[in-house]
Amino acid sequence: NERSLGTFKTTGYSNPNGTRCADGSVPKAAHTVASDWGVLPRGSKIRFAGSDTIYTVEDNGVRGQIVDVYYATTAEAWAHVPDSRVSPRCFNFN
């Protein structure tokens with residue numbers, strides 16, 4: 001049962017020091033995202049419009065309507081440049 005959560009800004013991050021996520025898990029590319037747990041609670045399953053990838057909220061550290069997407073390398077995280085003309089729509093599966 002998919003429902004729209006509205007529009008979110010997206011950013012990218014990496015973890016070169018190997019630190020665990022806020023929930024204790026090891027972050028994984030194409031799986032882990034960080035959010036404001038008051039907006040998207042820990043464990044939420046989300047996807048972005050136009051993508052089939054299902055992400056899990058495992059980390060925090062951002063505030064408001066922002067989803068920070070985990071990448072395996074810092075270069076990939078820096079390359080995450082969302083189209084400024086489009087606000088990604090986020091969908092919840094919980």
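Refer to the structure presented above.
All of the points below concern the structure found in this document. (Residues numbered from 1 in each chain as written. Predicted model: local features only at pLDDT ≥ 70, side-chain atom pairs only at ≥ 80, totals over all residues. Heavy atoms only, no water.)

If you walk through the whole model with that rule in mind, you get one salt bridge. We note a salt bridge from Arg47 to Glu2, for which the minimum N-O separation is 2.9 Å. Taken as a pair, Arg47 in strand β4 (residues 45-48) and Glu2 in the segment before β1 (3-7) lie far apart in primary sequence, 45 residues in all. For Arg47, a relative accessible area of 16% corresponds to the buried category. Since its relative accessible area comes to 39%, Glu2 is described here as partly exposed. (Salt bridge = Lys/Arg side-chain N within 4 Å of Asp/Glu carboxyl O. Helix = DSSP H or I, 4+ residues; strand = E, 2+ residues; numbered from the N terminus. Buried < 20%, exposed > 50% of the residue type's maximum accessible area, 1.4 Å probe, protein only.)

What follows covers the pairing of strand β6 (residues 66-70). For a regular strand, side-chain orientation follows a simple rule: the groups alternate between the two sheet faces. Burial within β6 is extensive, with four of its five residues counted as buried. Sheet topology note: the strand β2 (residues 9-13)/β6 ladder contains five bridges and is parallel. In the sheet register, Gly12 faces β6, and the bridge partner there is Val69. Judged from the three bridges that link them, strand β3 (residues 32-35) and β6 form a sheet pairing that is antiparallel. Within β6, the position partnered with Val33 by the bridge is Val69. (Pairing = 2+ DSSP bridges.)

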